[in-house]
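# Fold and contact review
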Amino acid sequence: MTHKLSVLIAMAMLISGCSAEKGPDGDRHVALAPGETAGEEANPDRNVYFGDLHIHTKNSFDAYIFNVRTTPDDAYKFGMGETVKHPLGYDLTLEGPPLDFMAVTDHAAYLGHLEAMNTPSSPLSKLAMAKDMFSTDSDKITAAFQLIGGAVRDGSKMPGVYDPAIVGNVWKQIVDAAEKYNQPGKFTTFAGYEYTAVRITRGKDGGFAGGNLHRNVIFRGSAPDMPFATVDSTNPEDLWSWMDDQREAGHDAMSIPHNSNVSDGEMFKMETYNGQPLTKAYAEQRVRNEPLVEITQVKGTSETHPSLSPNDEWADFEIYDKLLSSPVPSKTATGDYVRQALANGLKLVEKIGADPFHFGFIGSSDTHVVGGSFDEKNFWSKVGLLDGTAETRGSIPPGGKKSWEGVTLAPSAADWFSRWSASGYAAVWAEENSREAIFDAMRRKETYATTGTRIKLRFFGGFGFDETMLDDPQMVRKAYQDGVPMGGDLVGSKAPGFIIWAMRDAMSAPLQRVQVIKVWTDGGEAKEKVFDVACSDGGSLDGTFRCPDNGAKVDLSDCSISTDKGAPELKTFWRDPEHKAGQRASYYVRVLENPVCRWSTWDALRAGVPPNPALPRTIQERAWSSPIWYVPTA
């Protein structure tokens, strides 16, 4: 494929940027009745489960043009620890243990249409568009694909092209695959899809630039016969109304927004999709349908931006801010990042009596090659043919060069692929590994996000907590009984206390520090502050609430890390030293590991070349808890 074709196709495609079935083990699977357990012993103190709720297969219109031919079955096999093939032919295998839960989330708009166009027995294959799409003329391929991409984002049903029967048939295959691989107690799968809304703006020279309003829709159990896609409406508020109707019909679901970092200020803006003032009814409907946001994935981090959080030394982390299909930066002043949205939510409580941004956090991959790329040492990126090698993703110099002197990367590598991340996971605290338990945990926001590491993280708040709880073998049970876990509201008049417990991933770096990020408003102005609350290596906080540097290093000659620095776990009690009675606030935890080589540095090391000087050489993997909200009663 020529570079021109790669760039053009990438620009077009990145717009989208209780039945019983035979399982793979031959067992028949049924939905659990209320109170029924999945076979494993239900744990009242809850277990942590790691999963990925954002996966594309050949059924997505863009993945198919990336030469992806693998299926939802392949995606689930990858999650269960099997090896699948990358579109370039090499093996993809999950590092570490199998996942605990997954959902395949293909683009619902024009679902399965590209494969139909490439199937001789399908009437769609006779279309001139199809002949161009699968020709050898790169200009024709690009033009044909742009027609599909434009229809997805415009929400148009192209006459003679859009076929709801294809959508319905492929959607049934996706739902059937989720049923087939669901193994309560061992491996949970959800029916799901991506709603691919885009706010269309114009980029430089009149080119397309898109503000991302994508959501993944995840069903608790049964699913309807058809998904609700942008061809039904490009307004996410219509999606929520459809989900309300589906819930009434017995198909409970939630939508999870992602890549707010490239929404051009649209994802968390302070007005409706059509520019009307936010109301209490809007807030309640949004929270009912969107209890979570995806804060990390391959296309960067949505926590905060250095321009919004100048006093947060760790805010400049895997920032990706280019609008979909464009080199144009997204707006960062308002509407793009979750920390700012938390503060705006507190403002709205005072103004309209409800908070539309009362959400918890997860991570996921957004892989378009059926297998998420979570490990810095073994990164295969996202878009198949286009970024499947170190050279095409800009981590080594092109053409076999051994230095970066005089090198100008292709725009797709410089602006997009090299900025992407090996991330992330959704972590859920639930009584057991079943659809019901995991979905209900997500509903109550007892979730957190990681960048691909499997840190275990507990976060509780309560009014009667103190330091003595840390040594109590019944600490977790008492924290549940007398307080709230992450995602909860602490309603009362006293100053709250917090229990935080982070445990390292044995396959990743030791822990360096634990932080609490406090968000509040003062006189209508958003405020935030980062408190280090637990230091590794015996460090003590200074007067600015910072741990000392623990001295952990990375040897860039081989990417080895310090073996004598960091902690296997950090556990602490914390009370806000700046608590003000009567002041609403939200608190969430951020856990930082010791530094490791970024994936781009690993690519360069293997190739025997210097790392790309435009990219960070190391990163600190991390986890973010869902917030706890302090709601004063007086």
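Structure first, text after, so check above.
Residues numbered from 1 in each chain as written. Predicted model: local features only at pLDDT ≥ 70, side-chain atom pairs only at ≥ 80, totals over all residues. Heavy atoms only, no water.

### So, the pairing of strand β28 (residues 622-625)
- Of the two faces of β28, the one holding R622 and W624 and the one holding A623 and S625 are both buried throughout.
- Two strands pair when backbone bridges link them, and strand β25 (residues 585-593) and β28 are joined in this way by three bridges, in the antiparallel orientation. Bridge assignment links L592 to a residue of β28, and that residue is R622. (Buried < 20%, exposed > 50% of the residue type's maximum accessible area, 1.4 Å probe, protein only. Helix = DSSP H or I, 4+ residues; strand = E, 2+ residues; numbered from the N terminus. Pairing = 2+ DSSP bridges.)

### A closer look at the sheet that holds strand β11 (residues 292-297)
- On the basis of which strands lie adjacent, the open sheet formed by three strands has the order β12-β11-β13 and mixed pairing. Looking at the sheet topology across the chains shown, the edges are occupied by β12 (300-301) and β13 (360-363).
- As paired strands, β11 and β13 are joined by four bridges and run parallel to one another. Along β13, the bridge assignment pairs L292 with G360.

### Here we look at the pattern of salt bridges
- Enumeration over the complete set of coordinates arrives at 39 salt bridges.
- Close ionic contact of R339 with D312 constitutes a salt bridge, the shortest N to O distance being 2.7 Å. Of the two residues, R339 sits in helix α10 (residues 338-352) while D312 sits in the loop between β12 and α10, which places them 27 residues apart along the sequence.
- Residue classification places R339 among the buried residues on the basis of a relative accessible area of 1%.
- Taking the relative accessible area as the measure of exposure, D312 reaches 6% and is therefore buried.
- Measuring nitrogen to oxygen at the nearest pair gives 2.9 Å for the salt bridge that ties R393 to D603. (Salt bridge = Lys/Arg side-chain N within 4 Å of Asp/Glu carboxyl O.)

### Quick look at the side chain of Q285
- Looking at where Q285 falls in the secondary structure, it is placed in helix α9 (residues 280-289).
- Given the relative accessible area of 15%, Q285 is considered buried.
- If near-sequence neighbours (up to four positions away) are discounted, Q285 is found in contact with E237, W240, S241 and D244. (Contact = heavy atoms within 4.5 Å.)

### A short note on the state of the cysteines
- Scanning the model with the defined rule gives two disulfides in all.
- The side chain of C535 participates in a disulfide bridge whose partner is C547; the two sulfur atoms lie 2.1 Å from each other. Taking the torsion about the sulfur-sulfur bond, which here is approximately -85°, the covalent link between C535 and C547 counts as left-handed. Separated by 12 residues along the polypeptide, C535 in strand β21 (residues 525-535) and C547 in the loop between β21 and β22 (554-555) bring together distant segments of the chain. (Disulfide = S-S within 2.5 Å.)

### Observations concerning the sheet that holds strand β16 (residues 456-462)
- An order of β17-β16-β19-β24 is seen for the four strands of this open sheet, with the pairing classed as antiparallel. Looking at which strands have only one partner, the edges of the open sheet turn out to be β17 (484-485) and β24 (569-575).
- For β16 and strand β19 (residues 497-503), the ladder comprises seven bridges, and the chain directions are antiparallel. If you follow R458 over to β19, its bridge partner there is W501.
- Strand contacts of helix α13 (residues 475-482): β16, β17, β19 and β24, with the helix running at about 45° to β16, the strand carrying the most contacts. (Axes fitted to C-alpha atoms, helices over the stretch in contact; angles between N-to-C directions.)

### Here's the deal with the pairing of strand β14 (residues 425-430)
- Among the six residues in β14, six count as buried, and that is most of the element.
- Alternating positions in β14 separate into two faces, Y425, A427 and W429 on one and A426, V428 and A430 on the other, with burial throughout.
- The pairing of strand β3 (residues 47-52) with β14 spans five bridges and is classified as antiparallel. What sits directly across from F50, in β14, is A427.
- The sheet contact formed by β14 and strand β15 (residues 447-450) spans four bridges and is antiparallel. For V428, the partnering residue across the bridge sits in β15 and is T447.

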